[in-house]
Amino acid sequence: DDEAEQWRANAADLAALEEAAEMLREGRTVAFPTETVYGLGADARLTEAVEAIFEAKGRPSDNPLIVHIADRALLAELVAEVPEEARALMDAYWPGPLTIVLPVRPGAVSPRVTAGLDTVGIRMPDHPVALALLKAAGCPVAAPSANRSGRPSPTLAAHVLDDLAGRIGGVIDGGASGVGLESTVVQVQQGGRITVLRPGGVTAQQLSAAAGGAPVTGADAAADFTPPDQAEAGGNGPAPRAPGMKYAHYAPRGTLSVVTGSSPERAAKRAAALLAEARARGEVTGLMLFEEHRSLYPDGAASCVVSLGPLASPEQAAHSLYAALREFDEAGAGYILSEACPDTGLGSAIMNRLMKAAAGRVIDAD
Ligand code: TXA
Ligand code: MG
């Protein structure tokens, strides 16, 4: 079958890394580990190779890709200019989970990478395998998350194969991704204005501090949930600058809703009641909770209960969120409820992904 034929290598195998770099140079796709999530890479300069990424993922062609580099020397080839603030952000957070959108140098990458925009997102991942692969390949590597479009991003090589076996050149297995959520994406505009297009582990406060106190604004939150047809219609306000944000993302196969309330007890009580109703309808149910609240639910509150760890440790929730969403799929859960976490710091990135996975569905227990 497809999976048996899939090229799969262990990251410790140096010869395999060289082989993967060769595949990239030949214009093929290779999935590889990064500190955020697994990426599906191809030579960013080769249109056919980049098209193979879109094809494998089933990704809409108007959603641009991030270009990965291991060496800042490549920057000059890729972008027309690097504002002072962008340089400061690179000094502070590269290598690391920060993607910086800058004016693209015409012809530097395939137009399929930028989806026809005059900007390109660039990132230097903080992962030894990713950096070794990028260095060995010697080219800028376009790499979106290595999942089928709309699915949770992969944090294990097994997730990549679940979604893409038979559709890609291969995967390098480097174990679990540490951060677990995708990079923070920022755009640095003329005058040094910094806009967060996608929240991540690097927070707005950290960005502002790193850029010498430059103002940092959030992406237009409304644009995030605007359906494609309305987003295109325009009229009031600019088009969303992170075109990818308008699509359903990260979703498990079942219907997920986020339950909020003025107290954890209230929210849990409502969730438990809804889960019991769903169960009575014959649905396989799922519950995603924070460890501190486990005792607020009756035993067997859902067929599949997944903990994101303690509320006090958002790092743990970020690390395990996507694997948790995939667990519900494995359990065949059709009706899934999740608790919310405070919308600050890393919690903002977690809530951003969770709300997208839930397609904006919120149940207010109050
Ligand atoms: O952590 C990450 O960023 C991972 C790993 C593999 O590096 N990659 C990733 O790529 O999450 P992807 O394609 O799943 O998400 C890229 C995001 C999308 O929301 C896309 O719209 C935005 O970055 N983006 C890319 N280039 C852009 C550009 N020129 N202008 C605005 N947004 C851009
Ligand atoms: Mg993605």
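Throughout, a residue's number is its position along its own chain's written sequence, starting from 1. By the order in which they are written, chains take letters starting at A while ligands take numbers starting at 1. Since the coordinates come from a predicted model, pLDDT governs what is reported: local features require at least 70, and pairs of side-chain atoms require 80 or more to be given and counted, while whole-chain, interface and lining totals use all residues. Water and hydrogen atoms play no part in the side-chain values, which are based on all heavy atoms of the structure.

**Topic: the UniProt feature "binding site: ATP" (unreviewed entry) in the protein chain**
Line of reasoning, step 1. UniProt positions are given in the numbering used here, feature names are shortened, and annotations may be inferred rather than shown by experiment. As annotated by UniProt and renumbered to match this structure, "binding site: ATP" (unreviewed entry) occupies Arg59, Asn63, Thr119, Ser145, Ser153, Arg198 and Tyr250. On the basis of their most widely separated C-alpha atoms, the annotated residues across 192 residues do not gather in one place, lying as much as 24.8 Å apart.
Line of reasoning, step 2. A run of H or I in DSSP becomes a helix once it reaches four residues, and a run of E becomes a strand once it reaches two; helices and strands are each numbered from the N terminus. Within the fold, Arg59 resides in the loop between helix 3 (47-57) and strand 4 (66-68).
Line of reasoning, step 3. Beyond its immediate stretch of four places on either side in the chain, Arg59 contacts Phe54, Pro64, Leu65, Pro144 and Ser149.
Line of reasoning, step 4. If you trace the backbone, Tyr250 turns up in the loop between helix 11 (228-233) and strand 12 (255-260).
Line of reasoning, step 5. Accessibility here uses a 1.4 Å probe with only protein chains present; expressed as a share of the type maximum, an area under 20% marks a residue as buried, one over 50% as exposed, and anything in between as partly exposed. Residue class for Tyr250 comes out buried when judged on its relative accessible area of 3%.
Line of reasoning, step 6. We call two residues contacting when some pair of their heavy atoms lies within 4.5 Å. Non-local contacts of Tyr250, meaning those with residues more than four positions away in its chain, are made with Gly150, Arg151, Pro152, Ser153, Glu182, Arg198, Tyr322, Leu325, Arg353, Lys356 and Ala357.

**Points about the sheet that holds strand 12**
Line of reasoning, step 1. One bridge is not enough; two strands pair if DSSP finds at least two bridges between them. Strand order in this open sheet of five strands is 14-13-15-12-16, and the pairing throughout is parallel. For this open sheet the edge positions go to strand 14 (304-307) and strand 16 (362-364), each flanked by a neighbour on one side alone. Going from strand to strand, the sheet's axes swing by 25° on average, the running direction of each strand aside.
Line of reasoning, step 2. Of the strand pairs in this sheet, strand 13 (residues 285-289) and strand 15 (residues 335-339) are connected by four bridges, and their pairing is parallel. For Met288, the partnering residue across the bridge sits in strand 15 and is Ser338.
Line of reasoning, step 3. Sheet contacts for helix 14 (residues 346-357): strand 12, strand 13, strand 15 and strand 16; angle to strand 12, the most-contacted strand, approximately 130°. What counts as an axis is a line fitted to C-alpha atoms, over the stretch in contact for a helix, and the angles between N-to-C directions run from 0 to 180 degrees.

**Observations regarding the sheet that holds strand 4**
Line of reasoning, step 1. Read across the sheet, eleven strands follow the order 1-8-2-3-7-4-6-5-9-10-11 without closing on themselves; strand pairing throughout is mixed. Taken across any chain shown, the strands that pair with only one partner, and hence form the sheet edges, are strand 1 (7-10) and strand 11 (216-218).
Line of reasoning, step 2. For strand 5 (residues 98-103) and strand 9 (residues 184-188), the ladder comprises four bridges, and the chain directions are parallel. Following the sheet pairing, Ile100 is matched in strand 9 by Val186.
Line of reasoning, step 3. In the packing of helix 5 (residues 84-93) onto the sheet, contacts are made with strand 5, strand 9 and strand 10 (194-198), and the angle to strand 5 comes to roughly 160°.

**Focus: the packing of aromatic side chains**
Line of reasoning, step 1. Any Phe, Tyr or Trp ring, taking Trp's six-membered ring, that has another such ring centre within 6.5 Å forms a pair; planes under 30 degrees apart are called stacked, those over 60 apart edge-to-face, and the others tilted. Scanning the entire structure with this criterion turns up one aromatic pair.
Line of reasoning, step 2. Aromatic pair Tyr250 and Tyr322: ring centres 5.5 Å apart, planes at 25°, arrangement stacked. Residue Tyr250 is found in the loop between helix 11 and strand 12, and its partner Tyr322 is found in helix 13 (residues 314-331); the two are separated by 72 residues along the sequence.
Line of reasoning, step 3. For Tyr322, a relative accessible area of 0% corresponds to the buried category.
Line of reasoning, step 4. In our convention, an over-ring charge means Lys NZ or Arg CZ found within 6 Å of a ring centre and within 35 degrees of that ring's normal. Note that Arg112 overlies the ring of Phe54, its terminal NZ or CZ placed 5.0 Å from the centroid.

**Description of unusual backbone geometry**
Line of reasoning, step 1. Here the residue pair Trp94 and Pro95 is connected by a cis peptide bond, since its omega of -10° sits within 30 degrees of zero.
Line of reasoning, step 2. Considering the arrangement of structural elements, one finds Pro95 in the loop between helix 5 and strand 5.
Line of reasoning, step 3. Phi at Tyr250 takes a positive value of approximately 60°, unusual for a residue other than glycine.
Line of reasoning, step 4. A positive phi angle, close to 50°, is found at Ala359, a residue other than glycine.
Line of reasoning, step 5. Classification of Ala359 as exposed rests on a relative accessible area of 53%.

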